Amino acid sequence: MKGFLGSGATFAADLNLVVQFTMGAALIGGALLARRKRFRAHGFCQTTVLVLNLFMIGLVMWPSFQQQVRPALPRVFHRWYYEVALIHAVLGITAELLGLYIVIVAGTNVLPQRLRFKHWKGWMRTELVLWVIVLLSGAGTYCAWYLAPFR
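Treat the numbers as computed from the prediction; the structure is a model and nothing was measured. (Residues numbered from 1 in each chain as written. Predicted model: local features only at pLDDT ≥ 70, side-chain atom pairs only at ≥ 80, totals over all residues. Heavy atoms only, no water.)

Student: Run through the packing of aromatic side chains, naming residues and quoting values.
Tutor: Applying the stated rule across the entire model yields seven aromatic pairs. Taking the centre distance of 4.8 Å and the plane angle of 75° together, the rings of Phe 117 and Trp 120 count as edge-to-face. Of the residues examined, Trp 120 reaches a relative accessible area of 35% and is grouped as partly exposed. Taken together, the aromatic side chains of Tyr 101, Phe 117, Trp 120 and Trp 123 make up a single cluster linked through ring pairs. (Phe/Tyr/Trp six-rings, centres within 6.5 Å; stacked < 30°, edge-to-face > 60°. Buried < 20%, exposed > 50% of the residue type's maximum accessible area, 1.4 Å probe, protein only.)

Student: So what's going on with a positive patch on the surface? Residues and values would help.
Tutor: A surface patch of positive charge is lined by Arg 35, Lys 37, Lys 121 and Arg 125. On the secondary structure map, Lys 121 appears in helix H4 (residues 120-147). Given the relative accessible area of 61%, Lys 121 is considered exposed. (Patch = residues over 30% accessible without salt bridge, like charges linked within 9 Å, V, L, I, M, F, W, Y side chains within 5 Å. Areas by Shrake-Rupley, 256 points an atom, 1.4 Å probe, with all protein chains shown as cover. Salt bridge = Lys/Arg side-chain N within 4 Å of Asp/Glu carboxyl O. Lys, Arg positive; Asp, Glu negative; His and termini not counted. Charge placed at Lys NZ, Arg CZ, Asp CG, Glu CD. Helix = DSSP H or I, 4+ residues; strand = E, 2+ residues; numbered from the N terminus.)

Student: Can you lay out the side chain of Asn 16 for me, pointing to particular residues and giving the numbers?
Tutor: You can see Asn 16 is positioned in helix H1 (residues 11-35). Beyond its immediate stretch of four places on either side in the chain, Asn 16 contacts Met 56, Val 60 and Met 61. (Contact = heavy atoms within 4.5 Å.)

Student: Tell me about a nonpolar patch on the surface, and please be specific about residues and values.
Tutor: Side chains of Met 1, Phe 4, Leu 5, Phe 11, Leu 15 and Val 18 sit close together on the surface and give an oily, nonpolar patch of about 580 Å² of accessible area. Looking at the secondary structure, you find Phe 4 in the segment before H1. Given the relative accessible area of 42%, Phe 4 is considered partly exposed.

Student: Give me the lowdown on the packing of H1 against helix H2 (residues 39-69), citing residues and values where you can.
Tutor: For the pair H1 and H2, the least separation of the axes is 9 Å and the interaxial angle reads 165°. Comparing their axes, H2 and H1 come out roughly antiparallel. As for the relative orientation of H1 and H2, their crossing is left-handed in sense. Residues Ala 12, Ala 13, Asn 16, Val 19, Gln 20, Met 23, Ala 26, Leu 27, Gly 30, Ala 31, Leu 33 and Ala 34 of H1 form the contact with H2, whose participating residues are Phe 39, Ala 41, His 42, Cys 45, Gln 46, Val 49, Leu 52, Asn 53, Met 56, Val 60 and Met 61. Here the residues of the contact of H1 with H2 are counted per class, giving 17 nonpolar, six polar and no charged. (Axes fitted to C-alpha atoms, helices over the stretch in contact; angles between N-to-C directions. Parallel < 35°, antiparallel > 145°, perpendicular 65-115°, else oblique. Left-handed = near helix turned anticlockwise from the far one by under 90°. Nonpolar A, V, L, I, M, F, W, Y, C, P; charged D, E, K, R; others polar.)

Student: Talk me through H2; I want residue IDs and the actual numbers.
Tutor: Under the 1.5 Å per step criterion, the end-to-end length of H2 is only 39 Å for 31 residues, more than 12% shorter than the ideal 45 Å. At Ile 57, H2 shows its maximal bend, which comes to roughly 45°. Taken as a whole, H2 has its buried residues at His 42, Cys 45, Gln 46, Val 49, Leu 50, Asn 53, Met 56, Val 60, Ser 64, Phe 65 and Val 69. Those residues of H2 that are buried are in contact with H1, helix H3 (80-107) and H4. (Expected span 1.5 Å × (residues − 1). Bend = angle between axes of the 7 residues up to and from the residue.)

Student: Could you give me a rundown of the environment of Glu 96, with the residues and numbers involved?
Tutor: Relative to the helices and strands, Glu 96 resides in helix H3. Overall, Glu 96 belongs to the buried group, its relative accessible area being 5%. Put simply, Glu 96 and Asn 53 are 43 residues apart on the chain and 8.2 Å apart in space, counted from C-alpha to C-alpha. Those residues in contact with Glu 96, other than ones at most four positions away along the chain, are Leu 50, Asn 53, Leu 54, Ile 57 and Trp 131.

Student: Kindly report on unusual backbone geometry, identifying the contributing residues and their values.
Tutor: The phi dihedral of Lys 37 is positive, around 65°, even though this residue is not glycine. Looking at where Lys 37 falls in the secondary structure, it is placed in the loop between H1 and H2.

Student: Residue-level account of the environment of Arg 70, with values.
Tutor: Residue placement: Arg 70 occurs in the loop between H2 and H3. Through-space distance from the C-alpha of Arg 70 to that of Leu 86 is 9.2 Å; in sequence the pair is 16 residues apart. Of note is the side chain of Arg 70, whose polar atom sits 2.5 Å from the side chain of Gln 66. (Polar contact = N/O pair within 3.5 Å; in protein donor to acceptor, adjacent residues only side chain to side chain.)

Have a look at this one:
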């Protein structure tokens, strides 16, 4: 099914791009909630984005990666089309895992004290910066996959 943004992308890819930028805005809004000391709302906002992102990964990004990148993995290091997707995947996995770790540490007592961090601001700021980088690399992947062929 053809996308709605006017590129060569599918509907799912266009929807994912819009959802990802909306989630990026929500993460920044969540950071502002923390700054205003509204920690419960902050936690709800950030956790909701994290879970929605897991859904989008499973629904759109993982199947695309499996179909378009994984079969070409031995050859990916010399074509930008594959490299940008691989870089985005590695950064995205890192951001998602760090986000899950932060949620587990912040919202539960599952982990023993020695595995819990103490400097909340540093970890959360690192996660936000990493998420912005992942969002930009995802936009780069979208451009490489769906806009570059139309030049």
